[in-house]
Number of protein chains: 2
Amino acid sequence: MTSVQHFSAQWLPAIEATLRRQLAGGPPEAQGMYAMMRYHMGWEDALGQPEQAPQGKRVRPLVVLMACLAAGGAPEQALPAAAAVELVHNFSLIHDDIEDGSPTRRHRATLWTLAGQPQAINAGDAMFTLARLALLGLGEAGVADAKVLRCLHLFDRTCLHLTEGQYQDMSFETRPHVTPAEYLVMIAGKTAALLAASAQLGALVASEDVAASEHYWRFGHELGLSFQVQDDILGIWGDEALTGKSAASDILTRKKTLPVLYALAQPGPDGEALREIYASAADLEADDLPTILRLLDRLGARSHAEAAAGTHAAAALAALEAAGGGSEGTALLRELALALLGRQT
Amino acid sequence: MTSVQHFSAQWLPAIEATLRRQLAGGPPEAQGMYAMMRYHMGWEDALGQPEQAPQGKRVRPLVVLMACLAAGGAPEQALPAAAAVELVHNFSLIHDDIEDGSPTRRHRATLWTLAGQPQAINAGDAMFTLARLALLGLGEAGVADAKVLRCLHLFDRTCLHLTEGQYQDMSFETRPHVTPAEYLVMIAGKTAALLAASAQLGALVASEDVAASEHYWRFGHELGLSFQVQDDILGIWGDEALTGKSAASDILTRKKTLPVLYALAQPGPDGEALREIYASAADLEADDLPTILRLLDRLGARSHAEAAAGTHAAAALAALEAAGGGSEGTALLRELALALLGRQT
């Protein structure tokens, strides 16, 4: 068992218990709304019966607790923040699924397909609110008022950053030209901001050293960027048997990810050929794949993306080093980062 | 000029400036999202050009400042809370309009009809977050940490209450039977909760006397209930020339409001006749109105609703009395309450 596996086995039950406590309440007249949220979390089926559906990996709450430990605090005290980041992540998934019209998530029907869009929008709003109420629980966990307020500021600025990233991501769909630089700004909000906040929240709970907490923010930010770019690589060149997604699915849907945007921005005939394919109105078929993959290869798309992922991964580890935290928590964060970046699924 | 008009003239510019500051920021790449929010607020047209569209009456922020004054504080200090309640009110309108499929609000196209549902959901989430960030501004306005945290707790519990009320309201549409008691619980969340919180927030900013602040909460709660029931009465028996809505529009749409729910719950042949009309699948026409209005009259629907509005209004004024605040602020809140309850539009 690795140290991360050991830490997860130790803390996941407390994380789950804190999350469930947040969604257990509610007045009798609004129980249906709380059941919707529990369905989304994978704890209940559509009829409100307990089930154990596939859940997320709880990466963000684990990062909160590990960063708290690294910065010299007791993970126990950071549990309300761990619950808050997981709830806000799930709130954003509920609304994203509506915004994208996604029918399934984690192999189950998305909430809006069962409850309708109006009730699902509202249940998302409720989960967003419960995330903040969870964070306010830091006070009851004995965290000093000034620290709680620091965490609330960071949390709300992060939520705003999430909406800004989501705005950009949706606006990319209707824009013909998106640059790699714009893409990196977008994923900084949509993917990296919450991981960055998770690491910093743990550090802010642990210590008064706000400057050190910013290194933890940077660690999560760079890790999030690296993770997303690696996700982009897997979406094109990943092993179908490992990712569970059909190979090159991101190509067929013309998804604007870093390798593609990089290739589309290259001058010369290969870039021109790719731009023509991406600009055409015709659906892409499996037959088109060899041509597109050859163009991406000749334009250096994969090696550019791999280099970018590597650069951000190195920056994450350097930021962790600079934070100068305790050896146990720092080792856990490093191991978790390497595990996330070494994944093939 | 009444005292309320004088107070409004004095404070509305500062309220507007605080609101505009919240929506003025944002990074270059997300300016489109901030423009959506400014459009919703009536400050810009669909092309982002300044306009002066009809806005809300800013009742909630005025209540915050008046309650702050009544509880012995300086209204200036409560401006961040005043902006927060107005922003959360407008966030809820953005999402309500999507949930209800409403094409217009305040004589303008609703945000989702211009920006599409996905971007409007996300812009609503952003405004919700900006409301919280506005409230955190209390700290910069010199309010002590413990007070700020008290305000944040109240604010988030209120937001949760809003989603619970909205859940109920939407679920009523698909339910054949709704009792008057259920209706009052729903409007306590959907309409009264934010007015109650507005009054209590002002008091919490002003003073450490949490017990007194609860009287202000009760004042806003009872005022909100009375206001909504009066709105129900106007929706059926209001003067078309004054309300701007076609007379009896709430009847033709079979809206489940207190007078109707009360009448539907009455035993006997008149109640039975009304139940049959409301249960039928056929559209209601203007021809049906005289019969329905006669049944409502014979069942005592209007007098029941008027009595309920009066009871809640009296309870609001009694709570204000019990709060024992300063004479100037208390007189303003009383005058505002009476003006709201005496309205015919």
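Each remark here, short or long, concerns the structure printed above.
Residues numbered from 1 in each chain as written. Chains lettered and ligands numbered in written order. Predicted model: local features only at pLDDT ≥ 70, side-chain atom pairs only at ≥ 80, totals over all residues. Heavy atoms only, no water.

## Describing the overall build of chain A
Along chain A, the regular secondary structure elements total 16 helices and two strands. Relative to the 2.2 N^0.38 estimate, which gives 20 Å for 345 residues, the radius of gyration of chain A is 21 Å and therefore close to what a compact globule would have. Over its C-alpha atoms, taken along the principal directions, chain A stretches across nearly 65 × 50 × 35 Å. Here chain A holds 345 residues, and 55% of them are scored as buried. When contacts within chain A are restricted to residue pairs at least 6 apart in sequence, long-range pairs at least 24 apart make up 70% of them. When the accessible surface of chain A is totalled, it reaches about 13,700 Å², and 55% of it is carbon and sulfur. In chain A, the 26 positive side-chain charges and the 40 negative ones have mean positions that sit 1 Å from each other. (Helix = DSSP H or I, 4+ residues; strand = E, 2+ residues; numbered from the N terminus. Rg over C-alpha atoms; globule rule 2.2 N^0.38 Å. Buried < 20%, exposed > 50% of the residue type's maximum accessible area, 1.4 Å probe, protein only. Contact = heavy atoms within 4.5 Å. Areas by Shrake-Rupley, 256 points an atom, 1.4 Å probe, with all protein chains shown as cover. Lys, Arg positive; Asp, Glu negative; His and termini not counted. Charge placed at Lys NZ, Arg CZ, Asp CG, Glu CD.)

## Brief notes about the relation of the copies chain A and chain B
Mapping chain A onto chain B leaves a residual RMSD of 0.0 Å; the transformation is a rotation of 180 degrees accompanied by 0.0 Å of translation along its axis. The relationship between the two copies is best expressed as a two-fold rotation axis. Among all residues of chain A, the minimum C-alpha distance to the rotation axis is found for D145(A), at 3.1 Å. A share of 100% of the interface residues of chain A reappears at the interface of chain B, consistent with the copies meeting face to face through the same patch. (Least-squares fit on C-alpha atoms with pLDDT ≥ 70 in both.)

## Structural notes on the side chain of Q119(A)
Mapped onto the fold, Q119(A) is located in helix α6 (residues 117-140). The exposure class of Q119(A) is buried, given its relative accessible area of 10%. The residues contacting Q119(A), other than those within four sequence positions of it, are M36(A), Y167(B), M170(B) and S171(B).

## Describing the state of the cysteines
Under the definition given, this model contains zero disulfides over all chains. Summary of cysteine pairing: C68(A) is not part of a disulfide, and the nearest cysteine sulfur, belonging to C151(A), is at 9.5 Å. Judged by relative accessible area, which is 0%, C68(A) ranks as buried. As a non-bridged cysteine, C159(A) has C159(B) as the owner of its nearest cysteine sulfur, 13 Å distant. Given a relative accessible area of 2%, C159(A) falls into the buried group. (Disulfide = S-S within 2.5 Å.)

## Focus on the packing of helix α9 (residues 210-237) of chain A against helix α15 (residues 301-323) of chain A
Residues and elements named next belong to chain A. At a minimum axis separation of 8 Å, α9 and α15 run at an interaxial angle of 160 degrees. Comparing the axis directions of α9 and α15 gives the class roughly antiparallel. For the pair α9 and α15, the sense of crossing is left-handed. Here the contact of α9 with α15 is built from residues that sort into 19 nonpolar, three polar and four charged. (Axes fitted to C-alpha atoms, helices over the stretch in contact; angles between N-to-C directions. Parallel < 35°, antiparallel > 145°, perpendicular 65-115°, else oblique. Left-handed = near helix turned anticlockwise from the far one by under 90°. Nonpolar A, V, L, I, M, F, W, Y, C, P; charged D, E, K, R; others polar.)

## Some words on the interface of chain A and chain B
Residue-level contacts link 44 residues of chain A with 44 residues of chain B. Taken together, the connections running from chain A to chain B amount to one salt bridge. In this structure, D156(A) and R132(B) form a salt bridge, with 2.9 Å as the shortest nitrogen-oxygen distance. In this assembly, chain A and chain B are joined by nine residue pairs in polar contact (both at pLDDT 80 or more). Of all the secondary-structure elements, those providing two or more residues to the side of chain A that touches chain B are α2 (31-41), α4 (79-100), α6 and α7 (145-173) of chain A. The element contributing the most residues to the side of chain A that touches chain B is α7(A), with 17 residues. A per-class count over the side of chain A that touches chain B returns 23 nonpolar, 12 polar and nine charged. (Salt bridge = Lys/Arg side-chain N within 4 Å of Asp/Glu carboxyl O. Polar contact = N/O pair within 3.5 Å; in protein donor to acceptor, adjacent residues only side chain to side chain.)

## Looking at α4(A)
Counted at 1.5 Å a residue, the expected span for α4(A) with its 22 residues is 32 Å, and the 31 Å between its end C-alpha atoms agrees. With respect to burial, α4(A) is a largely interior element, 21 of its 22 residues being buried. (Expected span 1.5 Å × (residues − 1).)

## A short note on the packing of α7(A) against helix α8 (residues 180-206) of chain A
All names here are of chain A. Running from N to C, α7 and α8 cross one another at 165 degrees; their axes reach a closest spacing of 8 Å. The angle between α7 and α8 falls in the class roughly antiparallel. When you trace α7 past α8, the crossing you get is left-handed.

## Digging into helix α14 (residues 289-298) of chain B
All names here are of chain B. For α14, every residue scored as buried is listed here: L289, I292, L295 and L296. Relative to the axis of α14, the buried residues are bounded by an arc of 135 degrees and lie together on one face. Of the exposed residues in α14, the ones pointing more than 90 degrees away from its buried face are D297 and R298. Its buried side turned inward, α14 meets α9 (210-237), α11 (249-252), α12 (258-264), α13 (268-279) and α15 (301-323). One or two positions beyond α14, positive phi appears at G300, with a value near 75 degrees. (Arc of directions from axis to C-beta.)

## Considering the side chain of S213(B)
All names here are of chain B. Topologically, S213 is positioned in helix α9. For S213, a relative accessible area of 0% gives the class buried. At a separation of 2.6 Å, a polar atom in the side chain of S213 contacts the main-chain carbonyl oxygen of V210. The contacts of S213, once residues within four sequence positions are left out, are Q200, A203 and L204.

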